[in-house]
Protein chains: 2
Amino acid sequence: MSPRPQNSLKRISAKLGVSMTTVSRVLSGQAGKYRISEETAKAILDYARKENFTPNPIAKGLRLRKTNTIGLVIADVSNPFFASIASEITHTTRDHGYSIILCDSQENLAIEKQSIELLWNRQVDGMIICPVGQSSEHLARYADERRRIVLVDRVFPDIGLPYVSSDNFSGGKLATEHLLDHGHRRIACLQGLRGTITSQTRVKGYEAALTACGVPFDPALIVGDSFDEQGGYLDTKLLLSTSPDITAILALSNLLALGALRALAEEKRRVPEDVSIIAFDDQPFLAHLSPPLTTVAQSARAMGGAAVKILFERMRVADAAGDANKAGLLLPVSLITRKSVHQLS
Amino acid sequence: MSPRPQNSLKRISAKLGVSMTTVSRVLSGQAGKYRISEETAKAILDYARKENFTPNPIAKGLRLRKTNTIGLVIADVSNPFFASIASEITHTTRDHGYSIILCDSQENLAIEKQSIELLWNRQVDGMIICPVGQSSEHLARYADERRRIVLVDRVFPDIGLPYVSSDNFSGGKLATEHLLDHGHRRIACLQGLRGTITSQTRVKGYEAALTACGVPFDPALIVGDSFDEQGGYLDTKLLLSTSPDITAILALSNLLALGALRALAEEKRRVPEDVSIIAFDDQPFLAHLSPPLTTVAQSARAMGGAAVKILFERMRVADAAGDANKAGLLLPVSLITRKSVHQLS
DNA sequence: GTGAAAGCGCTAACAT
DNA sequence: ATGTTAGCGCTTTCAC
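What you see is a predicted model; the values in this text were computed from it and never measured.

What counts as what
- Residues numbered from 1 in each chain as written.
- Chains lettered and ligands numbered in written order.
- Predicted model: local features only at pLDDT ≥ 70, side-chain atom pairs only at ≥ 80, totals over all residues.
- Heavy atoms only, no water.
- Helix = DSSP H or I, 4+ residues; strand = E, 2+ residues; numbered from the N terminus.
- Expected span 1.5 Å × (residues − 1).
- Buried < 20%, exposed > 50% of the residue type's maximum accessible area, 1.4 Å probe, protein only.
- Contact = heavy atoms within 4.5 Å.
- Polar contact = N/O pair within 3.5 Å; in protein donor to acceptor, adjacent residues only side chain to side chain.
- Pairing = 2+ DSSP bridges.
- Core = buried A, V, L, I, M, F, W, Y, C linked by side-chain atoms within 4.5 Å.
- Near = heavy atom within 4 Å.
- Nonpolar A, V, L, I, M, F, W, Y, C, P; charged D, E, K, R; others polar.
- Buried area = accessible area lost by both parts, 1.4 Å probe.
- Salt bridge = Lys/Arg side-chain N within 4 Å of Asp/Glu carboxyl O.

Residue and element names in this part refer to chain A. When the terminal C-alpha atoms of helix H11 (residues 254–266) are compared, their 19 Å separation across 13 residues agrees well with the 18 Å that a helix rising 1.5 Å per residue should span. Every buried residue of H11 is accounted for by Asn254, Leu256, Ala257, Leu258, Gly259, Ala260, Leu261, Ala263 and Leu264. Buried residues belonging to H11 abut strand E6 (187–190), helix H10 (229–242), strand E8 (248–251) and strand E9 (276–280). One side-chain oxygen at the N-terminal end of H11 lies 3.3 Å from the backbone nitrogen of Leu255; it belongs to Ser253. Lys268 sits one or two residues past H11 and shows a positive phi near 60°.

Here it is as structure tokens:
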């Protein structure tokens, strides 16, 4: 009933009249090292090729304690930003001969914890985690494994785990400065999932820009508790009723901006004439919106690529002596100016 | 150096003074079946819980020839449509205790083939494939494995593999009829990656609607060879110069529609007054475009969910007698009317 | 009620 | 230049 009557070293060695060891050696490219005769090697290689044989990675994994898999836990793959990270990670790990076991925590801390346990349990060789980002204790517990884990996007610099993220502080600051430069003073902030580290950092940048400009910081202008479109809609509605004097909105995700747009249209506020908008995470469609949105762009692919690079570097020196210096990387962000910010006279 | 001094049945049995067999039985819930004494069972259970022990799935996989993993090969995870499929598949398989090994073929047939080989080789228990869709021979070779493979989205009904997709023919027909009803006769079609089965099927629906309405079918109106924004832009530019008399465009993906919008704006053609547009694959942002786009919606999540359901059903009866009847499923699509189609007088 | 032993497919000492 | 053997961690037949 087994679909492919699985071949094995044993079967091959029997068929060819050599020992398993020899077959194993030849097939793992160690023919030279063990001076296996040309003809023996060739016979084995030919036969393996003909039969399309590859050693069973499960058995190999058991024996070698190495599975050639990387665990990836992502907060939400259906979010295009995370999907791009995942895509890049999948491609680059593939190039190194590793497969990805994918877990999606659905922005849920409990699932995130379980997933990490599950992946270690499955003996992954390393792990890339894009955490929900509201809590880090469960991650700090893995500081010992630091060489085999890297955090991405929602990172915690102080728990001893290598990480790569965007320079979110600068992002928040850059966007706010842009608004300030255009004469805006009452600037609201749609912060997304409350307590998420990326949001918090961006909000800090927002505050810093305000303070540097001598504009009083009004906590009532910071709202929201999710990153999705509906959240942006609801929070903007609320904002418009409690603080009708706002002239600009900084939306910490593009989905949030979409929701804001919807609420604004419903309330008959024109964009950007009545209220300006800047969104986070540039996406192709943002240039086609009405109006085209000014955004803070960060490179998801660059983040994914960097994470893989760091992980492999660390795995390679896993048993080297010294504690490699803390590998934290913050990728630059950039402001993409389009037509959603109005110059106030 | 090993990060977690891995526990094992052997270690536990030694510690507890019982045999590995007993530990194994208790831990796999077979205590009752083998009449293992309450106290022995409890001791084992308690200890395992305290030590946070779970049997090594690699060893288990080797022994049982079952890895509790499902291989997922997706044409492009960074495409939100596919990302949603992947997301749903990840969640539902997780509920059944399976993990996902993710491969992204990058719309590349060679990588797709390799990935399928790789996954079988890794002893996945089943596989969900969203193929590039331009060729099916390499898939047909797996007809024997039909019970453990299901095709998704870009499917081939005639190669003996179970599948789930959208009713693309109706989608193409529905959209075209809508255009026809609004008085359009010169309707262009941005077909995306040439030869992809979903495209071909939608184009057939387009043709059928045209024919039924007595409108001559003009091959020059069908253009394109990729699903991305740039393709949509280029092809629309081309179209506008070769067939300037078109009044409507049917874009077979939303990225394509975005490109068309850009080209149209550049050529100073107003949407929808000068040319109407209908796009495929509804996404939240399409409602916020200028103008809001009328689209053909298909449910990526429903497709993913259905694929998992079919796969598990088939895996469950894998060794049942009769050949289950061909499991092919076509999910309904729907037209979402917004403001990108103009009524011609 | 419990255990000993074989074996899943592989690699790495340790022979020769 | 090649083979023998043990063992990775687990389940399962067979034995008591």
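Read on, since the account is not over.
Turning next to the pairing of strand E10 (residues 294–297) of chain B. Residues and elements named next belong to chain B. Burial of the side chains of E10 extends over both faces: Thr294 and Val296 are buried on one face and Thr295 and Ala297 on the other. As paired elements, strand E9 (residues 276–280) and E10 share three bridges and run parallel to each other. If you follow Ile278 over to E10, its bridge partner there is Thr294. Of the pairings in the sheet, the one linking E10 to strand E12 (residues 334–336) comprises three bridges and is antiparallel in character. Across the sheet, residue Ala297 finds its bridge partner in E12, namely Ser334.

Among the nonpolar cores identified, the biggest contains 90 residues, and A:Tyr206, A:Ile277, B:Tyr206 and B:Ile277 are the most heavily contacted of them. Contacts of B:Ile277, omitting those with residues within four sequence positions, involve B:Ile249, B:Ala257, B:Ala260, B:Leu261, B:Leu264, B:Val271, B:Leu293, B:Thr294, B:Ser340 and B:Val341. If you look at the next biggest cluster of nonpolar residues, it comprises 56 residues, including A:Ile128, A:Val150, A:Val152 and B:Ile310.

Inspection of the region around DNA strand D gives 29 residues, with A:Thr21, A:Arg63, A:Arg65, B:Leu9 and B:Arg63 positioned closest. A share of 59% is what sugar and phosphate atoms reach among the atoms of DNA strand D within 4 Å of the protein. Within the backbone of A:Ser19, an N or O atom sits 2.7 Å from a phosphate oxygen of DNA strand D. Residue B:Ala59 places a main-chain N or O atom 3.4 Å away from a base nitrogen belonging to DNA strand D. Elements supplying a minimum of two residues to the surface near DNA strand D: helix H2 (20–27) and helix H4 (57–64) of chain A together with helix H1 (9–16), helix H2 (20–27) and helix H4 (57–64) of chain B. A per-class count over the surface near DNA strand D returns ten nonpolar, ten polar and nine charged.

Turning next to the interface of chain A and chain B. Tallying the contact residues gives 54 residues for chain A and 57 residues for chain B. Both sides of the chain A and chain B interface together cover about 4,700 Å² of buried area, and 56% of this is carbon and sulfur. Taken together, chain A and chain B are joined by zero salt bridges. Between chain A and chain B we count 13 residue pairs in polar contact (both at pLDDT 80 or more) in total. Of all the secondary structure elements, the ones that give two or more residues to the side of chain A that touches chain B are H4, helix H5 (80–95), strand E2 (99–104), helix H6 (109–121) and H11 of chain A. Considering each element in turn, the side of chain A that touches chain B owes the most residues, seven residues, to H5(A). Here three bridges tie E2(A) to strand E2 (residues 99–104) of chain B, and the two strands are oriented antiparallel to one another. Within E2(B), the position partnered with A:Ile101 by the bridge is B:Ile101.

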